[in-house]
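Below, each chain spelled out in residue letters.
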Amino acid sequence: MGDSSPRRTAESKQKAVELYRKSGTTYVEVARGLGCDAGSLAGWVKKADAAALDLFERIEVVYNRTRIHSALGCLSPAEFERANWPAEDSRSKAA
C-alpha cells in the first residue's frame, strides 16, 4: 500500500508555516490553499514554535549567561552579577 500524500521537504514546511503566520486565517484555509492536511500544518507550526523557544532558551539562558565577556572583566554575566550585586536575601531591608 503506497503513501497517497506527498512528502514535504523541510523548506516547504517552513514556507507553509510562514504563510500561515502571515495569513491571519485558519489552518484549514491555509492548508486547503497548499493542498495539505490542516492537522499536518498545525503540527508544523507547533514544531516551529517549539524550535524557536528552544533556540531562545539556548541563547539567552545558557550561552549568554555562561560565555566570557571582555566588557565585564572577562567574567560571564552570571559571575559578574554574583561579584557585583549581593544576593537578594542578604540586602538590608527598609524599616
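Okay, so let's go over this structure. (Residues numbered from 1 in each chain as written. Predicted model: local features only at pLDDT ≥ 70, side-chain atom pairs only at ≥ 80, totals over all residues. Heavy atoms only, no water.)

### Overview of helix α1 (residues 10-23)
For α1, spanning 14 residues, the distance from its first C-alpha to its last is 20 Å, which sits close to the expected 20 Å at 1.5 Å a residue. Taken together, the buried positions of α1 are A16, V17 and Y20. Viewed along the axis of α1, the buried residues span an arc of 100°, placing them on a single side of the element. Facing away from the buried side of α1 by over 90 degrees, the exposed positions are E11, K15 and K22. One or two steps after α1, the chain reaches G24, where phi turns positive at roughly 70°. (Helix = DSSP H or I, 4+ residues; strand = E, 2+ residues; numbered from the N terminus. Expected span 1.5 Å × (residues − 1). Buried < 20%, exposed > 50% of the residue type's maximum accessible area, 1.4 Å probe, protein only. Arc of directions from axis to C-beta.)

Nothing here speaks to function; it is all geometry.
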